[in-house]
Each structure stands twice: as structure tokens, then as C-alpha cells.
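Architecture and fold: a report
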Amino acid sequence: MSDLGDWFRSIPLITRYWFAGSIAVPLVGKLGLVSPVNLFLWPDAFIHRFQIWRPITATFFFPVGPGTGFLYLVNLYFLYQYSSRLETGAFDGRPADYMFMLLFNWICIVVSFLSSNFEKYFGSLLLMIPLIMSVLYVWAQLNRDMIVSFWFGTRFKACYLPWVILGFNYIIGGSVINELIGNLVGHLYFFLMFKYPMDLGGRNFLSTPQFLYRWLPNRRGGVSGFGVPPASMRRAAEDQQGGGRHNWGQGFRLGDQ
């Protein structure tokens, strides 16, 4: 048990609580301590009955059973792997920025579900897989040229990984709507935070609120892995710093611990 406890404490802080919640809430529903009906995101119940906890519980809950257990474990693995890698890689020392990314993606997913007819076609809604996929998408874009390995020895660039997993989850789960929404939300965050302001020289539309910095203070300055700024910005920075270059982070191989 001490080894398990040491492993759990070694998980980065935000990922640790997300991972623990994604185990505890399904377990509570499985044991019948709380009816699973109260854990789904029902738009009518959230909007008209003011059951405001539903977007939160729907983020952690997954109906674990004989037909869904494998899909649940696979996505729990993706949560642990890619959330840990982002938190200790591109967002190393900046927990507030990582929390802001999760909150932004979560809000976009909730709004997209509540403002559409997903309930009509799919019934109750769960947010666990879309949020995990949005994180995986961001990691894949920040490490897009890395060669990763997937099942059965297949190898491809990391930028294709979210779409490969979308197809994989379709095979074992029978649906792609959650994965697709997660990829689209992850792309929106990546474009607004990295691609548009850094590569295209556009305006920065996303900024971490100050209250998150007070709640989760930085451990060190600077964030690596955020892409490459436009040529004009690079030249200005090099003129000011004597031509020095910044290390924009490193990647990870799929399956590395």
C-alpha cells in the first residue's frame, strides 16, 4: 500500500485531484451511495430545476459496467498520461495556467452541450471523455512532430493521435461525439492561446485570471512548450537579448513514464 500511496502522491497536483475524482465519483454511483441519475448532466434539470452540481459531477462520473468498463479504464489511462505530461511539461511551474486551460475547455464543453440538442439524440450527457480528449489534443499539438507508438506497434506523428484515439474509442465504445467535441474544444484553446498570438502575431484573447495565480502561485517564471512566436517577435527578442534563443520545451513518447 505504501508503494501505491507513493505513486499517487507523485502525480502532479491538479492531475492528482482530477484522477482521484474520476475514480471516486463513478465508485459512489456504482455502489449506489448516490443515484447515477443525479450525476449526469440533464440540461432541463440544470437550467430549469437549478441543479447546478450536474456539470461538475458529469465531468467525473462514468457509468462503469460490463459494456463500458474497458472504455472507462482506457480513458482513465489517457487522463493520467497526458494531463501529467502537460502539467509537468508545457505548464511546469504554472499550475494556474494549467487550471485555466482545464476551466476554459470545461466551460466550452458544457456550453456546447447545453446549447444544442445532444440530449434529444443521446439522452443524458457525460463530460469526462470530452475534457480528457481536449487535454490530449493540446498535448498532441504541442508535440505534433514527435513520433508516437500506439497499439500493435503502429507509429505516426503525435498530431494525428487525437483522431486515432477517436477511431479507437468508436470501435470499443460505438460513438465519436464526445471525442469529436473534445478535439474541437482542444483545437479552439490551442489556436487562441498559442497559434494565433504566437505564430500569426494576432491578439491574445485568453489570459489566466489573477485569482487563479493567488490560489495556485507560480513555482518558477516562464512557460515552455508554447510554440514559436512570429518572426518579427523573434527578431525583436533576439535584438534585446543578444541573439539568444529560448528553449520551447520537450516532448514525450507515448507510454513513457
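Residues numbered from 1 in each chain as written. Predicted model: local features only at pLDDT ≥ 70, side-chain atom pairs only at ≥ 80, totals over all residues. Heavy atoms only, no water.

Structural notes on the overall build of the protein chain
What counts is decided by this rule: Going along the chain from the N terminus, every DSSP run of H or I of four or more residues is numbered as a helix, and every run of E of two or more is numbered as a strand. Each residue is placed in one exposure class: buried if its accessible area under a 1.4 Å probe, protein chains only, is under 20% of its type's maximum, exposed if it is over 50%, and partly exposed if it falls in between. The contact rule is simple, with two residues in contact once any of their heavy atoms fall within 4.5 Å.
A tally of helices and strands in the protein chain yields twelve helices and two strands. Expressed as a percentage of its 257 residues, the buried residues of the protein chain come to 46%. Long-range contacts, defined here as pairs at least 24 residues apart, represent 68% of the contacts in the protein chain between residues at least 6 apart.

Some details on the UniProt feature "transmembrane region" (unreviewed entry) in the protein chain
For clarity, the threshold we go by: UniProt positions are given in the numbering used here, feature names are shortened, and annotations may be inferred rather than shown by experiment.
The UniProt feature table records "transmembrane region" (unreviewed entry) at residues 17-41, 53-78, 98-114, 121-140 and 160-192. Helix makes up 65% of residues 53-78 and strand 0%, with an end-to-end C-alpha separation of 25 Å. The straight-line gap between the two end C-alpha atoms of residues 98-114 is 24 Å; of that span, 100% is helix and 0% is strand.

Some remarks on the nonpolar core
Cut-off, in case you're wondering: The set of buried Ala, Val, Leu, Ile, Met, Phe, Trp, Tyr and Cys residues whose side-chain atoms join them within 4.5 Å is what this entry labels a nonpolar core.
If you look at the biggest cluster of nonpolar residues, it comprises 66 residues, and the most contacted ones within it are Leu86, Tyr98, Met101, Tyr189 and Phe194. In terms of residue count, helix H8 (residues 128-142) provides more of this core than any other element does, eleven residues in total. Setting aside chain neighbours within four positions, we find Leu86 in contact with Phe91, Asp92, Tyr98, Met101, Val135, Val138, Trp139 and Leu142.

A look at the pattern of salt bridges
Pairing between side chains of opposite charge can happen when their charged atoms approach one another. To keep things clear, this is the line we draw: Note on definitions: salt bridges are taken to be side-chain nitrogens of Lys or Arg within 4 Å of carboxyl oxygens of Asp or Glu.
Counting across every chain of the model gives four salt bridges. Measuring nitrogen to oxygen at the nearest pair gives 2.7 Å for the salt bridge that ties Asp6 to Arg9. Linking Asp6 with Arg9, this pair stays in helix H1 (residues 2-10), spanning three residues, or about one helical turn. You can call Asp6 partly exposed: its relative accessible area is 43%.

Description of a nonpolar patch on the surface
Here is the rule: Like charges are joined within 9 Å and nonpolar side chains (Val, Leu, Ile, Met, Phe, Trp, Tyr) within 5 Å, but only among residues with over 30% relative accessible area and no salt bridge; these make up the patches. All accessible areas in this document rest on Shrake-Rupley with a 1.4 Å probe, and a residue is counted as covered only by the protein chains that are shown.
Taken together, the side chains of Leu27, Leu31, Leu33 and Val34 present a nonpolar region at the surface, about 390 Å² in accessible area. Summarising the element assignment, Leu31 is placed in the loop between helix H2 (13-30) and helix H3 (43-48).

Focus on the side chain of Ser83
By the secondary structure assignment, Ser83 is in helix H5 (residues 69-88). Judged by its relative accessible area of 1%, Ser83 is buried. Setting aside residues up to four positions removed in sequence, Ser83 forms contacts with Thr15, Trp18, Phe78, Tyr98 and Val135.

Section: the packing of aromatic side chains
Worth spelling out the cut-off: Only rings of Phe, Tyr and Trp enter the pairing, Trp through its six-membered ring, and a pair is recorded when the two centres are within 6.5 Å. The plane angle decides the type: under 30 degrees is stacked, over 60 is edge-to-face, the rest tilted.
Counting across every chain of the model gives 17 aromatic pairs. On the numbers, 5.3 Å between centres and 80° between planes, the contact of Phe40 with Phe61 is edge-to-face. In this pair, Phe40 sits in the loop between H2 and H3 while Phe61 sits in the loop between helix H4 (54-60) and H5, placing the two residues 21 residues apart along the sequence. Across the pair, exposure class does not vary: Phe40 and Phe61 are buried alike. Every member of this aromatic cluster is reached through a ring pair, and the members are Phe100, Phe104, Tyr189, Phe190 and Phe194.

A short note on the confidence of the model for the protein chain
Regions with low pLDDT should not have their predicted coordinates read in detail. The test is simple: Confidence of the predictor at the level of single residues is captured by pLDDT, which takes values from 0 to 100.
In this model, the protein chain carries a mean pLDDT of 81, and residues with pLDDT of at least 70 account for 81%. Averaged pLDDT values over the elements of the protein chain bottom out at 39 in helix H12 (residues 231-241) and peak at 95 in H2. Across residues 221-257 the pLDDT falls below 50, and counting only partners more than four positions away or on other chains, this stretch makes 64 contacts in the model.

Regarding H5
Our working definition: In a helix, the anticipated span is given by 1.5 Å times the number of residues less one.
Taking 1.5 Å as the rise per residue, H5 with 20 residues should run 28 Å; its terminal C-alpha atoms sit 28 Å apart, in good agreement. Burial runs high along H5: 16 of the 20 residues are buried.

Describing the environment of Val28
One can find Val28 in helix H2. For the pair formed by Val28 and Leu39, sequence separation is eleven residues and the distance between their alpha carbons is 10.0 Å. In this view, Val28 contacts Leu33 and Val34; residues no more than four positions away in its chain are not counted.

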